[in-house]
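# Structural features, examined
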Amino acid sequence: MKAIAYRTAGSLDRDDALENVELDRPKATGRDILVAVKAISVNPVDYKIRKNVSAEDGQWKVLGWDVAGEVVEVGDDVSAFKPGDEVFYSGSLIRQGANSEFHLVDERIVGHKPKSLSNAQAAALPLTAITAWEMLFDRLDVEKPVPGAANAIVIIGGAGGVGSIAIQLVRALTDLTVIATASRPETQAWVKELGAHHVIDHSKPIAEQVKALGIGAPGFVFSTTETPRHTKEIIELISPQGRFGLIDDPETFDITGFKRKALSVHWELMFTRSIYETADMDEQGELLNEVAALIDAGRIRTTVTDVMSPINAENLKKAHATLESGKARGKIVLEGF
C-alpha cells in the first residue's frame, strides 16, 4: 500500500524528511478495524514527532493522527463496526499513523463519520474535538461554576485547530461567555465567525484587555499555545480558585504563582486513553459520536480551511511547513491517494 513515511528525525528541509513509500497492507485482528483512508488532517503533533522521533532500525515511521475513511475489515472481537461503515477518529500515538492507504485502529476510539460532511471535512475534526472536549468537560469541568467568578472562559490561541472547535463546543453545550485571543485581522474574524463573544489580541497584555471587558475575572482559562509567554497574565486575569488548562509543551513551566489564588492546573493529552488503554478508553468513540450528532444537527461545524490532493509527500511537506510557521488558521486536510 502507498504511505508517506521517514526513517530519521529532523528538519523538514531534507529530501528524506517525508517520502512516498510502499508498505505491506495490515490485517485486522482482535478489536482492531482496518480502514481505507480517504482523508487525513495535519496537527502540530505530526511535525513535533517528525523532528524528534526516528523510526526503529530498518523500519519506516508513519505519521498522521486524524482520519476519515471506510471500514474494510474487522477483527474477531469487534462489535461496533462492520465493513462499509464510514468512520472518523484520531488513532494512537504509540502505533503507526494514518498517512497510508490503509490503517489499523482500535474500535473503542472510533466514531461514525458525520453524515452531513465529506471525508475532507470530517478528517479535520477528531484530534482537536477530542482534545477540546476532554479539556473542557473532563479536566476543567466547565459545567461546575467557580464560586464568585465570571461565568466565562478565555481561550488562548482561539484560531488554531483546537481553539476553533473549543469555541464552538463551549457555545453549543454551555452558557459560558467565550473570550478568544487572536492577533491578526483574518484570525480575529475567524474566531468571531465561530462564535466568540469577545476577541482580544494575545500579542498585547491580555489581562488588561480582559479587565476592560467589564465582566469580571473569568473562572476558566484554556491555553492552546505559548503558555510560558502568557503565564503571568493568566495568573492576573483568572478568578481565585479558577481552573487553568494547557495542551502545549513548554520546556519549563513555573506554576509557583498559581498558589496564591489556589488555581488548579490541568494538562490534556488526548492520546492518554489509547496509550494506557484506560478503563474509559471507549469514551473517545462515544464523544466522537456526540460530535457527529452536533455536526449533523447544525450546532457546530468543521474547521477545515485548506484541502490539498492527493495525499503524498510533497503536499504533506507543505502542510507541515504551514503548521511550523505558526500562522495556520483552522485545519489543513489532505485527501485521496
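In this report, we go over the structure that sits alongside the text. Numbers given to residues run from 1 along each chain, matching the order in which its sequence is written. Under the rules for a predicted model, residues below a pLDDT of 70 receive no local features and side-chain atom pairs below 80 are neither given nor counted, while totals for whole chains, interfaces and linings still include all residues. The side-chain figures draw on all heavy atoms in the structure; neither hydrogens nor water molecules are used.

Here the focus is the overall build of the protein chain. Counting its secondary structure elements, the protein chain contains 10 helices and 16 strands. Burial analysis of the protein chain (337 residues in total) assigns 55% to the buried set. Pairs at least 24 apart in sequence give 71% of the contacts found in the protein chain among residues at least 6 apart. Total accessible area on the protein chain is roughly 14500 Å²; 47% of this is exposed by carbon and sulfur atoms. Charge assignment in this entry is limited to Lys and Arg as positive and Asp and Glu as negative, and neither His nor the chain termini are counted. For this purpose, a charge sits on NZ of Lys, CZ of Arg, CG of Asp or CD of Glu. Counting 37 positive and 48 negative side-chain charges, the protein chain places the centres of these two groups 5 Å from one another. Secondary structure elements are defined from DSSP: runs of H or I of at least 4 residues count as helices, runs of E of at least 2 residues count as strands, and each element is numbered from the N terminus. Any residue under 20% of the maximum accessible area for its type is buried, any over 50% is exposed, and the rest in between are partly exposed; the area is computed with a 1.4 Å probe on protein chains only. Here a residue-residue contact requires only that any non-hydrogen atoms of the pair lie within 4.5 Å. Where accessible areas are quoted, they stem from the Shrake-Rupley method and a 1.4 Å probe; at the residue level, only the protein chains shown are allowed to cover.

We now examine the packing of aromatic side chains. Two rings belonging to Phe, Tyr or Trp (six-membered ring only in the last case) form a pair when the distance between their centres is within 6.5 Å. Interplanar angles under 30 degrees mark stacking, angles over 60 mark edge-to-face geometry, and anything in between is tilted. Tallying each qualifying case throughout the model produces six aromatic pairs. Seen in terms of ring centroids, Phe253 and Trp267 are 6.0 Å apart; in terms of plane orientation they differ by 75°. Their pairing is edge-to-face. Of this pair, Phe253 sits in the loop between strand 13 (243-246) and strand 14 (264-267) while Trp267 sits in strand 14, placing them 14 residues apart in sequence. Exposure remark for Trp267: the relative accessible area of 47% places this residue in the partly exposed category. Above the plane of the ring of Trp60 lies Arg7, whose end atom (NZ or CZ) is 3.9 Å from the centre. Above the plane of the ring of Phe102 lies Arg25, whose end atom (NZ or CZ) is 4.2 Å from the centre. Two conditions define a charge located above a ring, namely a distance within 6 Å from the ring centre to NZ of Lys or CZ of Arg, and an angle within 35 degrees of the ring normal.

Here we take up the packing of helix 3 (residues 126-139) against helix 9 (residues 283-296). In this analysis, axes come from line fits to C-alpha atoms, helices being fitted only over the stretch in contact, and the angle between any two N-to-C directions falls in the range 0 to 180 degrees. At a minimum axis separation of 10 Å, helix 3 and helix 9 run at an interaxial angle of 105°. Classified by the interaxial angle, the pair formed by helix 3 and helix 9 is roughly perpendicular. Across the interface between the two elements, Pro126, Ala129, Ile130, Trp133 and Glu134 from helix 3 touch Gln284, Leu287, Leu288, Glu290, Val291 and Leu294 from helix 9. In the scheme used here, Gly and all other residues not listed as nonpolar or charged are polar, with Ala, Val, Leu, Ile, Met, Phe, Trp, Tyr, Cys and Pro taken as nonpolar and Asp, Glu, Lys and Arg as charged. Looking at the contact of helix 3 with helix 9 residue by residue, the classes come out as eight nonpolar, one polar and two charged. Should an angle lie under 35 degrees it is considered roughly parallel, over 145 roughly antiparallel, and from 65 to 115 roughly perpendicular; all remaining angles are considered oblique.

For the rest of this paragraph, the subject is the environment of Asp13. Inspection of the secondary structure assignment puts Asp13 in the loop between strand 1 (2-6) and strand 2 (19-22). The exposed category is assigned to Asp13, whose relative accessible area is 65%. We define a polar contact as two N or O atoms separated by no more than 3.5 Å, with the added condition that, inside protein, one atom must be a possible hydrogen donor and the other a possible acceptor, whereas residues neighbouring each other in sequence contribute only through side-chain atom pairs. Side chain to side chain, Asp13 and Ser11 meet in a polar contact 2.5 Å long.

Definition used for salt bridges: Asp or Glu carboxyl oxygen within 4 Å of a side-chain nitrogen of Lys or Arg. For the coordinates displayed, the defined rule picks out 20 salt bridges. Close ionic contact of Lys51 with Glu324 constitutes a salt bridge, the shortest N to O distance being 3.2 Å. Taken together, the residues span a long stretch of sequence, with Lys51 in helix 1 (residues 44-52) and Glu324 in helix 10 (residues 313-324) at a distance of 273 residues. The partly exposed category is assigned to Glu324, whose relative accessible area is 28%. The shortest N-O distance in the salt bridge between Lys82 and Asp85 comes to 3.0 Å. Judged by its relative accessible area of 51%, Lys82 is exposed. Via salt bridges that share partners, Glu134, Asp138, Arg139, Glu268, Arg273 and Asp280 belong to a single interconnected network.

Take helix 5 (residues 185-194) next. Burial in helix 5 covers these residues: Thr187, Trp190, Val191 and Leu194. Considered in projection along helix 5, the buried side chains sweep an arc of 90° and stay on one side of the axis. Turned more than 90 degrees away from the buried face of helix 5 sit Pro185 and Lys192, all of them exposed. Buried residues along helix 5 sit in contact with helix 4 (161-173), strand 10 (177-181), strand 11 (198-200) and strand 15 (304-308). An arc is given here, and it is the one of the directions from the helix axis to the C-beta atoms.

Right, let's get into the layout of surface pockets. A 1.4 Å probe that fits into a set of points on a 1 Å grid over the protein atoms alone but cannot get out defines a cavity; an open set with protein on both sides within 12 Å along at least five of seven lines defines a pocket, and lining residues are those with an atom within 4 Å of a point. Grid points are joined across faces, edges and corners, and a volume is the space filled by probe spheres set on the points. Taken as a whole, the largest pocket encloses approximately 1300 Å³ of empty space. Considering the residues around the largest pocket, the lining is formed by 50 residues, among which Pro44, Tyr47, Lys48, Thr224 and Thr225 are closest to the centre. Per-element tally for the lining of the largest pocket: the top contributor is helix 1, with six residues. Along the wall of the second largest pocket there are 13 residues; nearest its centre are Met1, Pro26, Gln96, His103 and Leu104. It is strand 7 (residues 102-106) that contributes the most residues to the lining of the second largest pocket, three residues altogether. Of the residues in the lining of the second largest pocket, the class split is six nonpolar, four polar and three charged.

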